[in-house]
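For reference, the chains in residue letters:
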Amino acid sequence: MKEAAINSEEKIVKTFCFSCRGGCGVQLHVKNNEIIRVEGDPDHPVSKGTLCPKGLAIKQLVHHPDRLKYPLRRVGKRGEGKWEQISWDEAFDEIATKLLAIKAQYGAEAIVAGIGTGRNHNDWTARFCNHLGTPNANDPMHFCMGPRCVASYINIGIPAPNEPHYNATNCLVAWGRNEIHSHPSIGRYIFNAVERGSKLIVVDPRLTKLASRADIWLQIRPGGDDALALSMIHTIIGEELYDKEFVTKWCYGFDELKEHVKKYTPEWAEPITWIPAEKIRKAARLFATTKPACIAPGVAVEMQVNSYQTQRALYMMSALTGNFDVPGGNIVWVPPLGGFFLNCDNDVLPPEQRAKALVGGAKLIGGHKWGPPNFVLEGPPLWQAIMTDKPYPVKALFFMAHNPMVGLPNTKAVYEALQKVEFLVVGDFFMTPTAELADIVLPNATWPEKNDIGWFTTPLEHAQFHDKDAFAVYAWVKAVSVGETKSVLEILNGLAKKMNLGGFWETPEEAFNMLLKPTGLNWEEFKKVRILRKDMIWKKYEHGLFHTPSGKFEFYSNYLKDLGYSPMPEYVEGPESPLSATTMLQSYPLVLITGARIPVFYHTDQRNIPWLREVYPEPLIEIHPDTAAKHGIKEGDWVWIETKRGKVKQKAKITMGIDPRVVHAVRWWYPEKSGPDHGIWDVNINIVTLDSPYDPGIGSPTMRGLLCKISKVEEGK
Amino acid sequence: MLIDFDRCQGCNACEVACKQENELPVGPRLKQVLTIGPEKVGRKLIMEYLPVMCMHCENPPCAAECPVGAITKSNRGITLVNEKKCHDTNKDVCKKACISACPFPVPPQYNPEKDIVQMCNMCVQRLAKGEKPSCVKHCINEVITFGTKEELAKIIQERGNQTISIGGVIPNVACRPSVLHLPAKKPYTVS
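Nothing here was measured: the structure is a model prediction, and the numbers come from that model.

What counts, and at which threshold
Residues numbered from 1 in each chain as written. Chains lettered and ligands numbered in written order. Predicted model: local features only at pLDDT ≥ 70, side-chain atom pairs only at ≥ 80, totals over all residues. Helix = DSSP H or I, 4+ residues; strand = E, 2+ residues; numbered from the N terminus. Rg over C-alpha atoms; globule rule 2.2 N^0.38 Å. Buried ≥ 20, exposed ≤ 12 C-beta atoms within 10 Å, placed from the backbone. Contact = placed C-beta atoms within 7 Å. Arc of directions from axis to C-beta. Axes fitted to C-alpha atoms, helices over the stretch in contact; angles between N-to-C directions. Parallel < 35°, antiparallel > 145°, perpendicular 65-115°, else oblique. Left-handed = near helix turned anticlockwise from the far one by under 90°. pLDDT = per-residue confidence, 0-100. Domains from an automatic or database assignment. Nonpolar A, V, L, I, M, F, W, Y, C, P; charged D, E, K, R; others polar. Pairing = 2+ DSSP bridges.

1. Observations concerning the overall build of chain A
A tally of helices and strands in chain A yields 27 helices and 27 strands. Taken over C-alpha atoms, the radius of gyration comes to 25 Å for chain A, in line with the 27 Å a tight globule of 717 residues would show. Overall size of chain A, expressed as C-alpha extent along the three principal axes, is 80 × 65 × 55 Å. Residue burial in chain A is summarised as follows: out of 717 residues, 61% are buried. Summarising the internal contacts of chain A: among those between residues at least 6 apart in sequence, 74% fall at separations of at least 24.

2. Some words on the overall build of chain B
Counting its secondary structure elements, chain B contains eight helices and ten strands. Radius of gyration (C-alpha) of chain B: 17 Å, near the 16 Å computed for a compact globule of 191 residues. With the principal axes as the frame, chain B shows a C-alpha extent of 60 × 35 × 30 Å. Out of the 191 residues belonging to chain B, those deemed buried represent 42%.

3. Here's the deal with helix α21 (residues 508-516) of chain A
All names here are of chain A. For α21, the set of buried residues is Pro508, Ala511, Phe512 and Leu516. Here the buried residues of α21 occupy an arc of 135° about the axis, which is enough to place them on one side. Those residues of α21 that are buried are in contact with β18 (452-454), α20 (488-499) and α22 (523-529).

4. Examining the packing of helix α17 (residues 380-388) of chain A against helix α19 (residues 411-420) of chain A
All names here are of chain A. Two elements in contact, α17 and α19, have axes whose closest approach is 9 Å; the angle formed by their N-to-C orientations is 40°. It follows from the interaxial angle that α17 and α19 lie oblique. The handedness of the crossing between α17 and α19 is left-handed. Mapping the contact onto sequence places Trp383, Ile386 and Met387 in α17 and Ala413, Val414, Glu416, Ala417 and Lys420 in α19.

5. Description of the confidence of the model for chain B
In this model, chain B carries a mean pLDDT of 88, and residues with pLDDT of at least 70 account for 91%. Across chain B, the secondary-structure element scoring lowest on mean pLDDT is strand β10 (residues 188-189) of chain B, at 65, and the one scoring highest is helix α1 (residues 13-21) of chain B, at 98.

6. A look at the packing of helix α10 (residues 225-238) of chain A against helix α13 (residues 266-273) of chain A
All names here are of chain A. Where α10 contacts α13, the axes come no closer than 9 Å and their chain directions differ by 160°. In this view, α10 runs roughly antiparallel relative to α13, as classed from their interaxial angle. In this structure, α10 crosses over α13, and the sense of that crossing is left-handed. Each of Ala227, Leu228, Ser231 and Thr235 in α10 lies in contact with α13, whose residues at this interface are Pro266, Trp268, Ala269, Ile272 and Thr273.

7. A closer look at the domain arrangement of chain A
Residues and elements named next belong to chain A. On domain assignment, one finds that chain A holds domain 1 (2-62), domain 2 (72-143 + 340-458 + 484-532), domain 3 (160-334 + 545-563) and domain 4 (582-712). Computed over C-alpha atoms only, the centres of domain 2 and domain 3 are separated by 35 Å. On the domain 3 side, the residues contacting the five residues of domain 2 number seven residues. Classifying every residue of the side of domain 2 that touches domain 3 by side-chain character gives three nonpolar, one polar and one charged.

8. Quick word on the environment of His44(A)
Residues and elements named next belong to chain A. Tracing the backbone shows His44 in the loop between β3 (34-40) and α2 (53-56). By C-beta crowding, His44 is classed as buried, having 26 other C-beta atoms within 10 Å. Taking the C-alpha atoms as reference, His44 lies 27 Å from Val482; in sequence the two are 438 residues apart. Non-local contacts of His44, meaning those with residues more than four positions away in its chain, are made with Cys24 and Gly25.

9. Notes on the interface of chain A and chain B
If you look at the interface, chain A gives 31 residues, while chain B gives 28 residues. For the side of chain A that touches chain B, the secondary-structure elements that each account for two or more residues are β3, α2, α8 (187-196), α9 (209-212) and α25 (610-613) of chain A.

10. A look at the environment of Ala284(A)
All names here are of chain A. Within the secondary structure, Ala284 is located in helix α14 (residues 277-289). Distance in space between the C-alpha atoms of Ala284 and Glu239 is 9.9 Å, their sequence separation being 45 residues. Ignoring any residue separated from it by four or fewer positions in sequence, one finds Ala284 in contact with Met232, Thr235 and Ile236.

11. Regarding the pairing of strand β9 (residues 171-175) of chain A
Residues and elements named next belong to chain A. Along β9, five of the five residues are buried, which leaves the element largely enclosed by surrounding structure. Neither face of β9 is left uncovered, since the one carrying Cys171, Val173 and Trp175 and the one carrying Leu172 and Ala174 both have all their residues buried. The pairing of β9 with strand β10 (residues 199-203) spans five bridges and is parallel. For Ala174, the partnering residue across the bridge sits in β10 and is Val202. Note that β9 and strand β13 (residues 293-297) share five bridges and pair parallel. In the sheet register, Trp175 faces β13, and the bridge partner there is Pro297.

12. Observations regarding the sheet that holds strand β24 (residues 638-643) of chain A
Hydrogen bonding along the main chain pairs the strands of a sheet, whether they run parallel or antiparallel. Residue and element names in this part refer to chain A. Sheet architecture is closed into a barrel: six strands sit in the order β22-β26-β23-β25-β24-β27, paired in mixed fashion. This sheet shows a mean twist of 45° between the axes of neighbouring strands, independent of strand direction. For β24 and strand β27 (residues 704-712), the ladder comprises four bridges, and the chain directions are antiparallel. In the sheet register, Glu642 faces β27, and the bridge partner there is Lys709.

13. Examining the environment of Leu200(A)
Residues and elements named next belong to chain A. Tracing the sequence through the fold places Leu200 in strand β10. The spatial distance from the C-alpha of Leu200 to the C-alpha of Ala57 is 32 Å, given a sequence separation of 143 residues. If sequence neighbours within four positions are ignored, Leu200 has contacts with Leu172, Val194, Arg213, Ala214 and Asp215.

14. Thoughts on α13(A)
Residues and elements named next belong to chain A. Every buried residue of α13 is accounted for by Pro266, Ala269, Ile272 and Thr273. In an axial view of α13, the angular spread of the buried residues amounts to 115°, which keeps them on one side of the axis. Considering only its buried residues, α13 is in contact with α10 and α14. At the exit of α13 stands Trp274, carrying a positive phi of roughly 65°.

15. Quick word on the sheet that holds strand β4 (residues 72-74) of chain A
With mixed pairing, the seven strands of this open sheet are ordered in space as β5-β4-β17-β16-β15-β6-β7 (chain A). Because the sheet does not close on itself, it has two edges, and the strands there are β5 (83-85) and β7 (137-138) of chain A.

16. Digging into the pairing of strand β2 (residues 25-31) of chain A
Residues and elements named next belong to chain A. For β2, a buried count of five out of seven residues is recorded, marking the element as mostly surrounded by other parts of the structure. Across six bridges, the pairing between strand β1 (residues 11-16) and β2 is antiparallel. Counterpart to Val13 in the pairing with β2 is Leu28. Following β2, the chain reverses through two residues before pairing antiparallel with β3; Asn32 in that reversal takes a positive phi of roughly 50°.

Following this line, the structure appears as structure tokens:
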């Protein structure tokens, strides 16, 4: 009898994978509170029973022996790795007391939240910060997706990415976006398009599989994206390949743009982009004369100093050719749960607090009027505030699902600041190099451990839209529990209660009911419906989509001009490039790019999942055979990668797929190595990347297109 | 099984699906996605991912070399390992002859946890329940088709009656594999 009670029946929980930001359908086979098997859900309208490796391996993450399961309090010196287990009540008490004391002494702005690339808690964190009174809630929007949102805000007045519509396109431009590896579940829509006969133009310094299928592959010099985009616009306008009707009726500033791009000829762009002028023309013509066509701009463009202006230029190419918000073009999804950034309670943050946002002079972030304040510059301005108390002291950091010791540029600066900050709280699944430095560590729940609404403030590139052009939100259903883990929303609920802050709830379900209000459903009902979708409306500009001052798609932005920025995208060379730093080039002769997506990992996660790590066991630097030979480097050798910030080593992967003047290294840490650093000082490429100077408008650092040198690691050294 | 690697995006879902289905530890990899290239072959630029596993030969050399006859062909043409026989055999004596006998990129894989050699068994346990093999089901891009030889022959015919040996990875040998690879439709042509 007793055994029967322990041995529960195997049950199947239908939910949605969130191992990336995907939302593919899964069936979790659960027995005795353990996931024993993962299957794709054949009833899911988009993933149709398939899954990518990150979803298939989720049981190894959820039930990993190293999972954080209980709140921990540091007992030794910072980073010494000595902890004691505490209760949630103690943890909430201690955090609440500390944060309230810091707020009383230094002001709420001395408390800074770090969000990481979302596990669906971005808006809740911004909401918490608003109620607490601090403008400083960071997610990595300043160099990932944010530039697309800002570009769109300036062009059309709506801060949503203008996403490529693969389903109906006849010409796809994959620009610094290797979607088949960043979102494998979307791969099929790209391959379907190509098999349907869609043209494919790939802008990528690396020969990816997509590039190998391209009609035109533009092997760009990393950092030359703005020059390439501007010279393509030059060609489209100069050869009168633009959509005159759309431009006349719906666009503002065309004459200014025409004049502006006159100087950006393909011949001018050739030495900057390393792409022959004729090839640029060919690509521009193919894009402009094939209808419909779309551009898939990626993060590669955003990890550069001219990030949002370059994204603006890419979206302009789409508008110029009449491909905006039409099937097969660049589109703005229609979300079922109201608009964007609506649930952050932005209005509760007093304007004088909002004005204190740590933005380091970048005027398009930090509680800028289009969005919530969860878009601050987590970089030099924050580290400086911690180190020097200027412009004011920052005393507490509250990080959830955030591992800046691996993910942010210039690790040394991050490390110094985390060492110095008075109070650091980190919530995550595992003891990361960031969590190692915390005062309080909180165990976060993974997606199978929580109820949630898969709902996004910005419609990103999720697979679940693509089957019938309809934005989806979906119900995550709790399948298992591990230790005492809590979702970030539960943590914020608990803290808000202790701190007597408004805006939060007793249970997550109350928050879900608030979110669901526009649909007329409550959480219990939604759990049964599982997916809610909202049909696409095409050409929304005919129904008042353009919220710009001119009411049109703006090529020329008076708004930017008034802020002191260029009203139109210009060419800006990065700080450490072969063109801008010719003296440095003598000693650092190679161009470094970092962080291309690895299909078995999501950002810095999952390096400790056995089935995934087996596929990609070591950090690899891609080097052209000629360059490798010049340095006496053979396949599998450890290679030093050195910039002005320092050096790290990764293993050589010798490949024809990269220009001899370029090398590519990946993001890495060793979860299995001992703390506090888990090997990051050896292999973490962000030790050598550059956080300053950054994009003057939104603060994007340079993580792609830096100067470096390489050498073989000699044995015994 | 027919592998249309034209659509393979190298995401490794099939490999992890296989690991789960066979509850494999780190080490044995019954299904692997090889990267071919990037390299120039004539005027073509080749950059492909190629899922490979046991080829289920009609005359499997691994079976011929196994001293205890632990590897057999099922009536559906699937090459199967008799796990008990394999486990009960002293590996110092048999020297895992099946592994070296295999001419293909993914030979039989030794699983130290179970002290047996394993290879793709086409998920016979799933087939018995009327399900597709796990790698076939989970492949996002419908790269892998499972079916009878006749069904597959039809697809091959539709695609120009060509199966291939790319870069010498799949040698053309007399053991008549039942896992076939279709050529890429449109590799990049260098101008």
